[in-house]
Amino acid sequence: MGTKLSNPCVRLIYVSRAKGPQTTTVTTSILQQAQVHNKVQGITGVLCQGQGFFIQVLEGERSPVNTLYRRICGDMRHKDMELLRYEDISERKFSQWSMALVKLSADDPMVKAQHPEFDPYSATGDQVMHLLANLIETSQPITALPT
Ligand code: FAD
């Protein structure tokens, strides 16, 4: 069940390619930044990483989401950012996480069975949302990593 919102809110989904290896150090740093800033800005969402990709969903009031997106666009840790979806929403889908992390792995049995050959750059926004919902359902989303 989503959470009802009172102010105009949006959901933004993008995909990007990691510039270097997707190490725990990089992931920890991103998650820590997200957890500090997103809470203050009322932003929630999911970051999916693996196979050299980042896929992120940001939900919240339009202005903070747009500001964060611009900031993330300038981050040197990734490249080839492509906006997959930007929509008005009346409910959040990921209201419980300031930023949850799920891993995308070609060896994941669910991915093998339901999303073989998944390529986020040619996927639709619906397909990406479907993959994320499946990943959240079948794996334990991570919300904090050791420093
Ligand atoms: P600095 O550059 O050290 O901070 C400069 C000043 O700006 C400080 O006063 C700081 O408090 C303030 N500030 C920094 N970021 C924000 C912010 N988002 N809102 C308000 N004030 C801010 N960062 C996130 O915050 N949320 C995310 O969901 C997120 N997802 C990311 C996903 C990917 C794939 C990548 C590569 C990066 C992501 N980042 C995210 C990191 C983002 O690109 C910036 O690196 C980060 O927001 C900067 O944080 P900082 O405190 O180190 O900023």
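Parameters and conventions
Residues numbered from 1 in each chain as written. Predicted model: local features only at pLDDT ≥ 70, side-chain atom pairs only at ≥ 80, totals over all residues. Heavy atoms only, no water. Core = buried A, V, L, I, M, F, W, Y, C linked by side-chain atoms within 4.5 Å. Buried < 20%, exposed > 50% of the residue type's maximum accessible area, 1.4 Å probe, protein only. Helix = DSSP H or I, 4+ residues; strand = E, 2+ residues; numbered from the N terminus. Contact = heavy atoms within 4.5 Å. Polar contact = N/O pair within 3.5 Å; in protein donor to acceptor, adjacent residues only side chain to side chain. 1 Å grid on protein atoms, 1.4 Å probe; cavity = no way out; pocket = protein on both sides within 12 Å on 5 of 7 lines; lining within 4 Å. Points joined across faces, edges and corners; volume = space filled by probe spheres on them. Nonpolar A, V, L, I, M, F, W, Y, C, P; charged D, E, K, R; others polar. Near = heavy atom within 4 Å. Areas by Shrake-Rupley, 256 points an atom, 1.4 Å probe, with all protein chains shown as cover. Sits in = over half its atoms within 2 Å of the grid points. Expected span 1.5 Å × (residues − 1).

S.K.: Outline the nonpolar core, listing residues and values.
M.R.: Among the nonpolar cores identified, the biggest contains 23 residues, and Ile55, Leu104 and Leu135 are the most heavily contacted of them. Counting residues per element, the ones that place at least two in this core are strand 1 (3-18), strand 2 (44-50), strand 3 (53-61), strand 5 (100-103), helix 3 (109-114) and helix 4 (125-138). The dominant element in this core, judged by the number of residues it contributes, is helix 4, at 6 residues. Non-local contacts of Leu104, meaning those with residues more than four positions away in its chain, are made with Cys48, Gln49, Gly50, Gln51, Phe53, Val111, Phe118, Leu131 and Leu135. If you look at the next biggest cluster of nonpolar residues, it comprises 17 residues, including Ala18, Leu31, Leu58 and Tyr69.

S.K.: Any details on the side chain of Arg11? Residues and values, ideally.
M.R.: On the secondary structure map, Arg11 appears in strand 1. Polar side-chain contacts of Arg11 include one of 3.2 Å to the backbone oxygen of Glu91. Arg11 has contacts with Val57, Leu58, Glu59, Arg85, Tyr86, Glu87, Ile89, Glu91, Arg92, Lys93 and Met129, leaving out every residue within four places of it along the chain.

S.K.: Account for the layout of surface pockets, naming residues and giving values.
M.R.: Rolled over the atoms, a probe with the dimensions of a water molecule shows which regions are left empty. As a volume, the largest pocket reaches approximately 330 Å³. Lining of the largest pocket is provided by 15 residues; of these, Ile30, Gln33, Ile72, Asp75 and Arg77 occupy positions nearest its centre. Elements that contribute at least two residues to the lining of the largest pocket include exactly helix 1 (24-41), strand 3 and helix 2 (62-73). Of the residues belonging to the lining of the largest pocket, the class tally is 7 nonpolar, 5 polar and 3 charged.

S.K.: Please set out the site of the ligand residue by residue, giving values where relevant.
M.R.: The immediate surroundings of the ligand are formed by 17 residues, with Gln33, His37, Asn38, Arg71 and Asp75 found nearest. Between an oxygen atom of the ligand and a side-chain N or O atom of Gln56, the distance comes to 3.0 Å. A distance of 2.7 Å separates an oxygen atom of the ligand from a polar atom in the side chain of Asp75. Surface burial for the ligand is 65%, taken as the share of its 880 Å² of free accessible area covered by protein chains. The pocket occupied by the ligand, as judged from atoms lying within 2 Å of grid points, is the largest pocket. Looking at the shell around the ligand, the elements that each hand over two or more residues are helix 1, strand 3 and helix 2. Residues that form the shell around the ligand fall into these classes: 8 nonpolar, 6 polar and 3 charged.

S.K.: Outline helix 4, supporting the account with residue identities and numerical values.
M.R.: An ideal rise of 1.5 Å per residue puts 20 Å on 14 residues; helix 4 measures up with 20 Å between its terminal C-alpha atoms. Of all the residues in helix 4, the buried ones are Gly125, Val128, Met129, Leu131, Leu132, Asn134, Leu135 and Ile136.

S.K.: Describe unusual backbone geometry, with residues and values.
M.R.: A negative phi holds for most residues other than glycine; trans holds for most peptide bonds. If you check the backbone angles, Gln51 has positive phi at about 55° while not being a glycine. Mapped onto the secondary structure, Gln51 falls in the loop between strand 2 and strand 3. Given a relative accessible area of 44%, Gln51 falls into the partly exposed group. For Glu117, which is not glycine, the phi torsion reads 60° and is therefore positive. With respect to the helices, strands and loops of the structure, Glu117 is situated in the loop between helix 3 and helix 4.

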